[in-house]
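Results of the structural survey
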Amino acid sequence: MQRAGAEEAAAGSQAAAGPGRSGGGAASPGRLLRRELRLLESIFHRGHERFRIGSACPDEISCEFVPGPGARAGGSGSRGPPPGPVRIHCNITESYPAVPPIWSVESDDPNLAAILERLVEVKKGNTLLLQHLKRIISDLCKLYSLPQHPDVEMLDQPLPAEQSTQEEVSSDDEDEEMPEDTEDLDHYEMKEEEPVDGKKTEDDGIGKENLAILEKIKQNQRQDYLNGAVSGSVQATDRLMKELRDIYRSPSFKGGNYAVELVSDSLYDWNVKLLRVDEDSALHNDLQILKEKEGMDFILLNFSFKDNFPFDPPFVRVVSPVLSGGYVLGGGAICMELLTKQGWSSAYSIESVIMQISATLVKGKARVQFGANKNQYSLTRAQQSYKSLVQIHEKNGWYTPPKEDG
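Residues numbered from 1 in each chain as written. Predicted model: local features only at pLDDT ≥ 70, side-chain atom pairs only at ≥ 80, totals over all residues. Heavy atoms only, no water.

1. Details of the sheet that holds strand 1 (residues 51-57)
- Judged by pairing direction, the sheet is antiparallel, and its four strands sit side by side in the order 1-2-3-4 without closing on themselves. Sheet topology places strand 1 and strand 4 (102-105) at the edges, where each strand pairs with a single neighbour. Averaged over all neighbouring strand pairs, the angle between strand axes comes to 15 degrees, with direction disregarded.
- In the sheet, strand 3 (residues 86-91) pairs with strand 4 via four bridges, with the strands oriented antiparallel. When the sheet's bridge partners are listed, isoleucine 88 is paired in strand 4 with valine 105. (Pairing = 2+ DSSP bridges. Helix = DSSP H or I, 4+ residues; strand = E, 2+ residues; numbered from the N terminus. Axes fitted to C-alpha atoms, helices over the stretch in contact; angles between N-to-C directions.)

As structure tokens, this is what we get:
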């Protein structure tokens, strides 16, 4: 995947290749993964009494654990109604199994989060996905005081025979072509801050409506100061005001490529609407269909800034619509190195980040998931996925494919 726009791994080319790939006759990780998925769907079908695979593809899995009437959320001694299904999501990178799957759960329960965090203890191997799920199901049974389900042991059986179809051969070719370097996104190269022409005032080129927003922010800051309720830091506030001014005078902003709104007039919380994506992309077509169905034809992002901005990156997540692909993880978190401390530079402008995200969604073949549960995107789940993402890359690093690979 892309260094600045996606999930990748690797400590050297051998690690990136993963187990079982060094031999000339070994099956590729992509084919091994599809065999794992076939085994999973054959065991935990949609009618399974305890664990169900709802949907499964080589980059994303949705499933649910069904505790049932005999379960108790607080253990065998607890009272109250049995807990409902636990919905779990998994994102898989093309560097699998060298890079572990990234898991998230549709719940704020710390016990469930702890189960996912313990997956780092699982030993890496060619069937890491199966071993992760075996651990997850076993730990969930313990959490709800349920006996271990016998079907869990079936995850240790040999993988089903490979089906050498033309479709899979084509899919493998696509897997090999996917890695791309964001340095090829020439139109959205990360720009450093440019010196301001001393002959111009800071408000030149800004429309009246947006000038009114800037003035309101200043008034709120003065009032907060008088009330002794100052929030944020001087450095972050000054930089964010400059970023907002630069955006308001930007041709891309004025041309309707994106829009920015402050959440509750807070300079530290932005909603950004991506109003235009590449017209030749499937994502663009999906947004047109979304407009017909729901009256919305944009992608809503949320940017959250901390007091130490610009020295730390903003936390960015997709709010709506629900997307598949495009390096969007569980909860709406975005897998891009430049959004981590490791890849961030205080010289980056927010507009460059916005345009980079837009390009990365298209590069990653993002698609709108029509009819998906809109509640699966939340701040808590996005932070959970982001935390897992950072832990993985702190250990494995980020993988940048060679130029000749695309």
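2. Focus on empty space enclosed by the protein
- Summed over the entire model, instances satisfying the criterion amount to three cavities of 30 Å³ or more.
- In this structure, the largest cavity is lined by Glu60, His89, Val322, Leu323, Val328, Leu329, Gly330, Gly331, Gln376, Tyr377 and Arg381.
- For the lining of the largest cavity, the residue count by class is five nonpolar, four polar and two charged. (1 Å grid on protein atoms, 1.4 Å probe; cavity = no way out; pocket = protein on both sides within 12 Å on 5 of 7 lines; lining within 4 Å. Points joined across faces, edges and corners; volume = space filled by probe spheres on them. Nonpolar A, V, L, I, M, F, W, Y, C, P; charged D, E, K, R; others polar.)

3. A look at helix 7 (residues 234-248)
- If you check helix 7, its first and last C-alpha atoms are 21 Å apart, about what 15 residues at 1.5 Å a residue would give, namely 21 Å.
- What helix 7 keeps buried is the set Ala236, Thr237, Arg239, Leu240, Met241, Glu243, Leu244, Arg245, Ile247 and Tyr248. (Expected span 1.5 Å × (residues − 1). Buried < 20%, exposed > 50% of the residue type's maximum accessible area, 1.4 Å probe, protein only.)

4. As for the packing of aromatic side chains
- Tallying each qualifying case throughout the model produces 10 aromatic pairs.
- Arranged with centres 5.6 Å apart and planes meeting at 90 degrees, the rings of tryptophan 344 and tyrosine 348 form a pair that is edge-to-face.
- For tyrosine 348, a relative accessible area of 18% puts it in the buried group.
- Here the basic side chain of lysine 273 rests over the ring of phenylalanine 298, its NZ or CZ set 4.7 Å away from the ring centre.
- The lysine or arginine in question, lysine 293, covers the ring of phenylalanine 370, its NZ or CZ lying 4.7 Å from the ring centre. (Phe/Tyr/Trp six-rings, centres within 6.5 Å; stacked < 30°, edge-to-face > 60°. Lys NZ or Arg CZ within 6 Å of the ring centre and 35° of its normal.)

5. Some thoughts on the nonpolar core
- Formed by 50 residues in total, the largest nonpolar core has its most connected members in Trp270 and Phe303.
- For this core, the elements supplying multiple residues, two or more each, are helix 6 (208-226), helix 7, strand 5 (258-262), strand 6 (269-274), helix 9 (282-294), strand 7 (299-304), strand 8 (315-320) and helix 10 (350-363). (Core = buried A, V, L, I, M, F, W, Y, C linked by side-chain atoms within 4.5 Å.)

6. Remarks on a nonpolar patch on the surface
- On the surface, a cluster of nonpolar side chains totalling about 390 Å² of accessible area is made up of Tyr225, Leu226 and Val230.
- Tracing the backbone through its elements, the reader meets valine 230 in the loop between helix 6 and helix 7.
- Valine 230 gets classed as exposed once you look at its relative accessible area, which sits at 55%. (Patch = residues over 30% accessible without salt bridge, like charges linked within 9 Å, V, L, I, M, F, W, Y side chains within 5 Å. Areas by Shrake-Rupley, 256 points an atom, 1.4 Å probe, with all protein chains shown as cover. Salt bridge = Lys/Arg side-chain N within 4 Å of Asp/Glu carboxyl O.)

7. Some thoughts on the packing of helix 3 (residues 110-117) against helix 4 (residues 128-143)
- Running from N to C, helix 3 and helix 4 cross one another at 150 degrees; their axes reach a closest spacing of 10 Å. Comparing the axis directions of helix 3 and helix 4 gives the class roughly antiparallel. Judged by the twist between their axes, the crossing of helix 3 over helix 4 is right-handed. Along its contact with helix 3, which presents Asn111, Leu112, Ile115 and Leu116, the element helix 4 presents Ile136, Asp139, Leu140 and Leu143.
- Tallied by class, the residues present in the contact of helix 3 with helix 4 amount to six nonpolar, one polar and one charged. (Parallel < 35°, antiparallel > 145°, perpendicular 65-115°, else oblique. Left-handed = near helix turned anticlockwise from the far one by under 90°. Contact = heavy atoms within 4.5 Å.)

8. Quick notes on the sheet that holds strand 7
- Strand order across the open sheet formed by four strands is 5-6-7-8, with antiparallel pairing between neighbours. Of all strands in the sheet, those with a lone pairing partner are strand 5 and strand 8, marking the two edges. On average, adjacent strands in this sheet sit at an angle of 25 degrees to one another, irrespective of strand direction.
- In the sheet, strand 5 pairs with strand 6 via five bridges, with the strands oriented antiparallel. From the neighbouring strand, glutamate 261 faces strand 6, where its bridge partner is asparagine 271.

9. Comments concerning the environment of lysine 365
- The topology assignment puts lysine 365 in the loop between helix 10 and strand 10 (367-368).
- Distance from lysine 365 to serine 281, taken between C-alpha atoms, is 7.8 Å for residues 84 residues apart in sequence.

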